[in-house]
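Geometric and topological summary
Listed below are the residues making up each chain.
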Amino acid sequence: MKPRFGVNYVPSRDWWYAWLDWDGARVRDDLNAIAAIGMDHVRVHCVWPYFQPNMTRVNRSAVRALIDLHEAADEAGLDVSVSVLDGWLSGFAFEPAWMRKTATDGRRNMFTDPLAVAAEKVLFAELAVAVGRHPRFLGFDLGNELGVMTHFGHEAEGADMDAWQADMLEHCRLLAPDRWHVNGVDHAHWFHGRGFGRGALATAGSATALHCWTLFTEASTRFGVMAPESLRLAEYMAELSRAYATDPDRPIWIQEFGCSSQWLPSDEIPEFAERTMRHALDCANLWGFTWWCSHDLDPGLVGFH
């Protein structure tokens, strides 16, 4: 299997607030720059409340922007994975306002509330109509690290989250049957046994999508960013996921890994990236790597953690 190399696309201006003020020309410049360094795919993030402001209404302008992004990606020669229910992204917790039932009656649970789940399916269906047959559409990622949402009012038992995952991935398969649908989560499920089950993550959907962060797993704080325990983290997580897979040929996707200049001098980050990938490439069925991220945050934006 020839490995794929890509990046999590973050627009060079306005972060993912770009959905609210779409600049197709700038996005084309960004995607052309990504392609120019040899990448073959991007993962993009649909900030959930921007795309679905009401349970029954999908934001048409955001959908048009997503279509335009696919056209720009096609021009640049890039495939696109679309992360949809992004209620957690870059340190911010987002949820649509309709998740709150009333001012005093709590909120709906995205994993267990039947009306919430039905609304989520509406969004996937609308996006599938828009881009599901586009030649550059790789498939849907259910959302970004959705287990984190259990810390923001969406507590659920692991069995309920596994059932939700199976239901949503089957919904995606029916909407776009020949595409690549995954659930990209962080290390907490694999290392701490919280939320989605290891066995469910290793068997549901088209591939096992892993987020291999040396800081958030504490590998870098315990051992150092360039220590073997950090440089081999992606390799370790890939092998851990394979231990729970029932299909020996199941693809593994290192969907997020990266290193900030706040953690390591900038001139050492390329070595970190290369050594991490070379170790992980020893693993069987490694589909590819998607670096976080394509562009630095706009310095005019504040409040990111």
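A short tour of the structure in this document, coming up. Just so we're clear, the structure is a prediction, and the values are computed from it rather than from any experiment.

A word on the overall build of the protein. If you tally the helices and strands in the protein, you get eleven helices and ten strands. The C-alpha radius of gyration computed for the protein amounts to 18 Å, which stays within 12% of the reference 19 Å derived for 305 residues, consistent with globular compactness. Along the first, second and third principal axes, the C-alpha atoms of the protein reach 50 × 45 × 40 Å. Of all 305 residues assigned to the protein, the portion counted as buried reaches 53%. A separation of at least 24 residues holds for 80% of the contacts in the protein among residues at least 6 apart in sequence. Per element, the accessible surface of the protein, about 13,200 Å² overall, is 51% carbon and sulfur. With 26 positive and 41 negative side-chain charges, the protein shows a spacing of 4 Å between the two charge centroids.

A word on the nonpolar core. Formed by 90 residues in total, the largest nonpolar core has its most connected members in Trp16, Leu31 and Trp164. Not counting residues within four places of it along the chain, the set of residues in contact with Leu31 comprises Tyr9, Val42, Leu69, Ala72, Ala73, Ala76 and Leu78. Of all hydrophobic cores here, the second largest spans seven residues; its members include Leu138, Trp180, Ala209 and Trp287.

With that settled, the discussion passes to the packing of helix H3 (residues 60–76) against helix H4 (residues 114–131). Two numbers describe how H3 lies on H4: the axes approach to 10 Å, and their chain directions differ by 40°. The angle between the axes of H3 and H4 places the two elements in the oblique class. In the crossing of H3 with H4, the sense of the turn from one axis to the other is right-handed. Counted together, Val63, Leu66, Ile67 and His70 of H3 and Leu127, Ala130 and Val131 of H4 form the full contact between these two elements. Of the residues that constitute the contact of H3 with H4, the class distribution is six nonpolar, one polar and no charged.

The next thing to look at is the pattern of salt bridges. Summed over all chains, the structure comprises 20 salt bridges. The salt bridge involving Glu256 is made with Arg43; its shortest N-O contact spans 2.8 Å. With Glu256 in strand E9 (residues 252–258) and Arg43 in strand E2 (residues 41–47), the pair connects residues that are 213 residues apart, well separated along the chain. In this structure, the salt-bridge partner of Asp167 is Lys121, at a minimum N-O distance of 2.9 Å. Here Lys121 lies in helix H4 and Asp167 lies in helix H5 (residues 158–175), a separation of 46 residues in the sequence. Given a relative accessible area of 33%, Asp167 falls into the partly exposed group. Bridged by salt links that share partners, the residues Arg4, Asp40, Asp74, Asp79 and Arg136 form one connected network.

Attention shifts here to empty space enclosed by the protein. Counted according to the given criterion, the structure contains three cavities of 30 Å³ or more. The calculated volume of the largest cavity comes to roughly 70 Å³. Tallied by class, residues from the lining of the largest cavity come to five nonpolar, no polar and six charged. The space that makes up the second largest cavity amounts to roughly 50 Å³. Forming the boundary of the second largest cavity are Gln165, Asn183, Val185, Trp190, Leu201, Ala204, Ala207, Thr208 and Ala209. Here the residues of the lining of the second largest cavity are counted per class, giving six nonpolar, three polar and no charged.

Centre-to-centre distance and the angle between the planes together describe a pair of aromatic rings. The final tally for this structure, using the stated rule, is 30 aromatic pairs. An aromatic cluster is present here, built from Trp15, Tyr17, Tyr50, Phe92, Phe94 and Phe304 joined pairwise through their rings.

On to helix H1 (residues 24–36). The terminal C-alpha atoms of H1, which comprises 13 residues, lie 18 Å apart, in line with the 18 Å expected from a rise of 1.5 Å per residue. Gly24, Val27, Asp30, Leu31 and Ile34 are the residues of H1 that are buried. The buried side chains of H1 occupy one side of the element, clustering within an arc of 120° when seen end-on. Of the exposed residues in H1, those oriented more than 90 degrees away from the buried face are Ala25, Asp29 and Ala36. Where H1 terminates, the next one or two residues include Gly38, which has phi positive at roughly 95°.

The rules behind these values
Residues numbered from 1 in each chain as written. Predicted model: local features only at pLDDT ≥ 70, side-chain atom pairs only at ≥ 80, totals over all residues. Heavy atoms only, no water. Helix = DSSP H or I, 4+ residues; strand = E, 2+ residues; numbered from the N terminus. Rg over C-alpha atoms; globule rule 2.2 N^0.38 Å. Buried < 20%, exposed > 50% of the residue type's maximum accessible area, 1.4 Å probe, protein only. Contact = heavy atoms within 4.5 Å. Areas by Shrake-Rupley, 256 points an atom, 1.4 Å probe, with all protein chains shown as cover. Lys, Arg positive; Asp, Glu negative; His and termini not counted. Charge placed at Lys NZ, Arg CZ, Asp CG, Glu CD. Core = buried A, V, L, I, M, F, W, Y, C linked by side-chain atoms within 4.5 Å. Axes fitted to C-alpha atoms, helices over the stretch in contact; angles between N-to-C directions. Parallel < 35°, antiparallel > 145°, perpendicular 65-115°, else oblique. Left-handed = near helix turned anticlockwise from the far one by under 90°. Nonpolar A, V, L, I, M, F, W, Y, C, P; charged D, E, K, R; others polar. Salt bridge = Lys/Arg side-chain N within 4 Å of Asp/Glu carboxyl O. 1 Å grid on protein atoms, 1.4 Å probe; cavity = no way out; pocket = protein on both sides within 12 Å on 5 of 7 lines; lining within 4 Å. Points joined across faces, edges and corners; volume = space filled by probe spheres on them. Phe/Tyr/Trp six-rings, centres within 6.5 Å; stacked < 30°, edge-to-face > 60°. Expected span 1.5 Å × (residues − 1). Arc of directions from axis to C-beta.

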